[in-house]
2 protein chains.
Amino acid sequence: MDHPFTKIKGGVGAPLGFLTSAVSCGIKNPDATRLDLALIYSEKPCSSAGTFTTNRVKAAPVRVSQTHLRKGNLRAIIANSGNANACTGVQGIRDANAMCDAVAKPLKLNRSEIGVASTGVIGLPLPMMRLEPKYDDLIEQLGPKNGSNVAAAIITSDTHAKEVAISFDLGEHRVRLGGCVKGAGMISPSMATMLCFITTDANIPAENLRKTVLECVEGSFNRITIDGDMSTNDTVIVLANGASKMPAIRRNSTNCKLFRQALQWLMLELAKAVVRDGERVTKFVTVKVEGAKTYLDAKKVAEAVCKSALVKSSWNGGDPNWGRIIHAVGYSRARIREELVDIHIGGKAACIGGLQADTPMELLREAVSHPEFEIVINLNQGTADYTMYSSDLSPEYIDFNRSEYAYWKQARKDGLV
Amino acid sequence: MDHPFTKIKGGVGAPLGFLTSAVSCGIKNPDATRLDLALIYSEKPCSSAGTFTTNRVKAAPVRVSQTHLRKGNLRAIIANSGNANACTGVQGIRDANAMCDAVAKPLKLNRSEIGVASTGVIGLPLPMMRLEPKYDDLIEQLGPKNGSNVAAAIITSDTHAKEVAISFDLGEHRVRLGGCVKGAGMISPSMATMLCFITTDANIPAENLRKTVLECVEGSFNRITIDGDMSTNDTVIVLANGASKMPAIRRNSTNCKLFRQALQWLMLELAKAVVRDGERVTKFVTVKVEGAKTYLDAKKVAEAVCKSALVKSSWNGGDPNWGRIIHAVGYSRARIREELVDIHIGGKAACIGGLQADTPMELLREAVSHPEFEIVINLNQGTADYTMYSSDLSPEYIDFNRSEYAYWKQARKDGLV
């Protein structure tokens, strides 16, 4: 076991005091029966925190949730798949607010206590007439055993739902953390949207939660890349309701450190699951940059390597092509010296001091033939390091992303465009 | 006619006083008979200037040519395809120097008057034993009618040789400009695995030539991208021998302006030819960003759009997907306001004020069905603009770049690794 936590069932429904539900509206395709609208609700008031896309083009639900999150007291989240409600202007904001209102009233909450998230095609209005008839079901079906339905309702072209829940001790109290995620980096043929919702019955004040979430996102979701495209909808929201009855977690306390470790581990598990389930991905590659002068240099190198179309193509082909890796290292704008760079692929030396190592090519090919392998790039100039998780780029990815015309045809049928 | 120049034949051999030749060494494949080693030589002393990759990993011939170019008096260029002589350490420098020496002696030049360039696979030593037997032929075959052979000898995965030559008047004197270029993969702003050689019989002092070349490269080769990968070998070298017997072109004179226009036009023609002949490219797309606050904002937007895997996939599919374009505009880090962004595709409004325009989808699909089309992104925030030339990304590109194992197998046969 590589972690000190107990895995439990139930995803976002696992922590005490959280009720969830999901229904099928047919948002993307009126004839489909898959779940596409989900609700997470805490019976008690919550602390909340979140992070959102840094794209300057932000979907309406991102703008609305950012505003609602300011007080740090979200108590419910409503989320849909099938349409991103992005680039939809004033109407988009109206629709996102309407989603909040639809659940605020029966739950006796203020609109500002609701977070809202959407994922799907960009630029087409939400077909609200397909959501509205389902709000009553969504509320009625709220229950403590439905966490997995939320995970299922938010996916788009992901091949499977992704959720994790754990329990662990903070002092004398047992607490639970549950999360679900929907794929990033063009998981759907429409967008690069990642949605992640996390619930916990730990007791952590909003300001401390906010700082902790930022730290954990930096070490997890900010370290993955599939195709280098940043979406308009990326959203991570964490709700903490204190239902475990533990005392509040103070900043910098032992409990705070333990909680951060658990949250970081959970987020990293979810982030890695996103890469493994990336669109038409066949390889999961961990890129460790070591020996950089600064953290930023290490990060630049890791990002350049993980985003290079040529490097990713070679991973797809099972080709241990260190020449393409070092050429990406060179254009990363990090301070590097070619003659100091060592590259190990799957533990085997591929390049030492900027030159081809004497490892037989067959051994290197064997190393990259596995579905998961690690590349270590040592710049030999300092002590800073940075790790990223990435994937290959496949001909099937391009083929999959060639056209979204079908979405538009449905929107026209709906009279939305 | 969109330019005031007379197109002439002969490529880099067209200007007066330049002799060229090319031979077949079998550098990549000893059984092949294609041309892979070329020589350009001026009968008279030259002014010279050049620009090179900004990748920190630089191929040996780039390092050697940069040093030789310092005096601005190159008189010959030797170039090979099939092996990039990159990441080859001290041996690589020795081999690049040996290539210079091989032609310097019979041409009675100093080694420092020779430029050297290589293109091909990274990380494998040059098979010098296949170049050495061919140097005599290379010198013997020097002649005024061989320009096209040089263009043919430097290509790799290009589908055809690319050269242009023009003549025009500077005052009372007729002058000629000829150029050839090699492109295909690793093509991105700030230069790529791109080699470009240009000759002219205009008379322009080295310092003026240096400034003019920098200006013209910024407006041409730095504006193209195919896959966003920047190579270790990018090289542009211009030789000017004054054989037209015109007086020297002074900086800021009318003749200087006319010469710069001609050089810029020639470079842009060659740069566009590189994009059109990119690896497995099916679309040539001009992306014009207008109305930016600053030149840098416009450039950031153009680069983000032209490098997005999702945008390029949609171009491949003939999908007029403005949602993906605006999402790339949003993450470009330029100062933009979503609600002000207009996007026109092939002259048709696709997005006005950040929202879907009412142009029928059929018209937009028709616009992107052509092999060449233009996208205009107006940020409506200022007066700065920037234009880039880009291509789609095809499943065939990935497939083509999956493995370079064949190179390595040949290198092992040669006893080089």
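Going by an unreviewed UniProt entry, chain A carries the name Arginine biosynthesis bifunctional protein ArgJ and comes from Luteolibacter yonseiensis. In its Function (unreviewed entry) section, the UniProt record describing chain A reads: "Catalyzes two activities which are involved in the cyclic version of arginine biosynthesis: the synthesis of N-acetylglutamate from glutamate and acetyl-CoA as the acetyl donor, and of ornithine by transacetylation between N(2)-acetylornithine and glutamate." Under the Subunit (unreviewed entry) heading, UniProt states for chain A: "Heterotetramer of two alpha and two beta chains."

(A) Representation of a negative patch on the surface within the structure. Together, Glu396 and Asp399 of chain A together with Glu396 and Asp399 of chain B line one region of the surface with negative charge. Position of aspartate 399 of chain A relative to the elements: it lies in helix 12 (residues 395–400).

(B) Just the domain arrangement of chain A, in detail. Residues and elements named next belong to chain A. Domain boundaries in chain A define domain 1 (6–276) and domain 2 (284–393). The straight-line distance from the C-alpha centre of domain 1 to that of domain 2 is 34 Å. Buried surface at the junction of domain 1 and domain 2, both sides included, amounts to about 1100 Å², of which 53% is carbon and sulfur. Area buried by domain 1 at its contact with domain 2 is led by Arg223, Thr225 and Arg276, which between them contribute 49% of it. Connecting domain 1 to domain 2 are 2 salt bridges. For lysine 299, the salt bridge identified is with glutamate 218, shortest N-O distance 4.0 Å.

(C) Local environment of the sheet that holds strand 11 (residues 235–240) of chain B. All names here are of chain B. Taken in spatial order, the 6 strands of this open sheet run 1-7-8-9-11-4, and their pairing is mixed. Each of the sheet's edge strands pairs with one partner strand only, and the pair in question is strand 1 (6–7) and strand 4 (47–52). Against the sheet, helix 6 (residues 206–218) engages strand 4 and strand 11, with an angle of about 35 degrees to strand 4. Those strands touched by helix 7 (residues 254–276) are strand 1, strand 7 (162–170), strand 8 (173–182), strand 9 (195–200) and strand 11, and its axis lies near 165 degrees from that of strand 7.

(D) Representation of the interface of chain B and chain A within the structure. On the side of chain A, 60 residues touch chain B, which itself brings 58 residues to the contact. In total, chain B and chain A occlude about 5000 Å² of area from one another, counting both sides; carbon and sulfur atoms represent 54% of this. Among the residues of chain B in contact with chain A, Arg56, Glu338 and Arg402 of chain B are the three that bury the most area, contributing 12% of the side total. Taken together, the connections running from chain B to chain A amount to 2 salt bridges. Across the pair arginine 63 of chain B and glutamate 338 of chain A runs a salt bridge, and its minimum N-O distance is 2.6 Å. At the junction of chain B and chain A, the tally comes to 12 residue pairs in polar contact (both at pLDDT 80 or more). At the level of elements, helix 9 (309–316), helix 10 (322–331), strand 15 (355–356), helix 11 (361–368), helix 12 (395–400) and helix 13 (405–413) of chain B are the ones that each hand at least two residues to the side of chain B that touches chain A. For the side of chain B that touches chain A, the element with the most residues is helix 10 of chain B, which contributes 7 residues. For the side of chain B that touches chain A, the class distribution of residues is 22 nonpolar, 21 polar and 15 charged.

(E) Local environment of the pairing of strand 9 (residues 195–200) of chain A. All names here are of chain A. Of all 6 residues making up strand 9, 6 are buried, and the element is well covered by its neighbours. Neither face of strand 9 is left uncovered, since the one carrying Leu195, Phe197 and Thr199 and the one carrying Cys196, Ile198 and Thr200 both have all their residues buried. Sheet topology places strand 8 (residues 173–182) next to strand 9; 6 bridges connect them, and they run antiparallel. From the neighbouring strand, leucine 177 faces strand 9, where its bridge partner is threonine 200. Taken together, the 6 bridges between strand 9 and strand 11 (residues 235–240) define a ladder with parallel strand orientation. By the bridge assignment, cysteine 196 is partnered in strand 11 with valine 236.

(F) Summary view of the environment of lysine 293 of chain A. Residue and element names in this part refer to chain A. With respect to the element layout, lysine 293 can be found in the loop between strand 12 (284–292) and helix 8 (295–307). Under the relative-accessibility criterion, lysine 293 is labelled partly exposed at 45%. When neighbours within four sequence positions are excluded, lysine 293 is seen to be in contact with Arg335, Gln381, Gly382 and Ala384.

(G) Expanded view of the pattern of salt bridges. Residues and elements named next belong to chain A. Enumeration over the complete set of coordinates arrives at 30 salt bridges over all chains. For arginine 176, the salt bridge is made with aspartate 201, and the minimal N-O distance between the two is 2.6 Å. Remark: aspartate 201 occurs in the loop between strand 9 and helix 6 (206–218) and arginine 176 occurs in strand 8; sequence separation between them is 25 residues. Its relative accessible area of 0% is what places aspartate 201 among the buried residues. Salt bridges sharing common partners tie together Asp158, Lys162 and Asp277.

(H) Just the UniProt feature "binding site: substrate" (unreviewed entry) in chain A, in detail. Residue and element names in this part refer to chain A. Under the local residue numbering, the UniProt record ascribes the feature "binding site: substrate" (unreviewed entry) to Thr156, Lys182, Thr193, Glu279 and Asn401. A polar side-chain atom of lysine 182 sits 3.1 Å from a polar atom in the side chain of threonine 119. Within the secondary structure, asparagine 401 sits in the loop between helix 12 and helix 13 (405–413). Since its relative accessible area comes to 0%, asparagine 401 is described here as buried.

(I) View of the packing of aromatic side chains. A full pass over the atoms with the stated rule returns 10 aromatic pairs over all chains. Between phenylalanine 5 of chain B and tryptophan 265 of chain B the ring centres are 5.5 Å apart and the planes differ by 50 degrees, which places this aromatic pair in the tilted class. On the criterion of sequence distance, the pair formed by phenylalanine 5 of chain B in the segment before strand 1 and tryptophan 265 of chain B in helix 7 is long-range, its members being 260 residues apart. Looking at tryptophan 265 of chain B, the relative accessible area reads 14%, which means it is buried. Every member of this aromatic cluster is reached through a ring pair, and the members are Phe5, Phe168 and Trp265 of chain A. The ring of tyrosine 386 of chain A has arginine 223 of chain A lying over it, and the distance from NZ or CZ to the ring centre is 4.0 Å. One Lys or Arg, arginine 276 of chain B, reaches over the ring of phenylalanine 284 of chain B and ends 4.2 Å from the middle of that ring.

(J) Summary view of the packing of helix 6 of chain B against helix 7 of chain B. Residues and elements named next belong to chain B. Interaxial distance between helix 6 and helix 7 falls to 9 Å at its minimum, and their mutual angle equals 45 degrees. Considered as vectors, helix 6 and helix 7 are oriented oblique to each other. For helix 6 against helix 7, the interelement crossing comes out right-handed. Residues Asn208, Leu209, Thr212, Val213, Glu215, Cys216 and Val217 of helix 6 form the contact with helix 7, whose participating residues are Cys256, Phe259, Arg260, Leu263, Gln264 and Met267. Taken together, the residues of the contact of helix 6 with helix 7 sort by class into 8 nonpolar, 3 polar and 2 charged.

Thresholds, definitions, all that
Residues numbered from 1 in each chain as written. Chains lettered and ligands numbered in written order. Predicted model: local features only at pLDDT ≥ 70, side-chain atom pairs only at ≥ 80, totals over all residues. Heavy atoms only, no water. UniProt positions renumbered as here; feature names shortened; annotations may be inferred. Patch = residues over 30% accessible without salt bridge, like charges linked within 9 Å, V, L, I, M, F, W, Y side chains within 5 Å. Areas by Shrake-Rupley, 256 points an atom, 1.4 Å probe, with all protein chains shown as cover. Salt bridge = Lys/Arg side-chain N within 4 Å of Asp/Glu carboxyl O. Lys, Arg positive; Asp, Glu negative; His and termini not counted. Charge placed at Lys NZ, Arg CZ, Asp CG, Glu CD. Helix = DSSP H or I, 4+ residues; strand = E, 2+ residues; numbered from the N terminus. Domains from an automatic or database assignment. Buried area = accessible area lost by both parts, 1.4 Å probe. Pairing = 2+ DSSP bridges. Contact = heavy atoms within 4.5 Å. Axes fitted to C-alpha atoms, helices over the stretch in contact; angles between N-to-C directions. Polar contact = N/O pair within 3.5 Å; in protein donor to acceptor, adjacent residues only side chain to side chain. Nonpolar A, V, L, I, M, F, W, Y, C, P; charged D, E, K, R; others polar. Buried < 20%, exposed > 50% of the residue type's maximum accessible area, 1.4 Å probe, protein only. Phe/Tyr/Trp six-rings, centres within 6.5 Å; stacked < 30°, edge-to-face > 60°. Lys NZ or Arg CZ within 6 Å of the ring centre and 35° of its normal. Parallel < 35°, antiparallel > 145°, perpendicular 65-115°, else oblique. Left-handed = near helix turned anticlockwise from the far one by under 90°.

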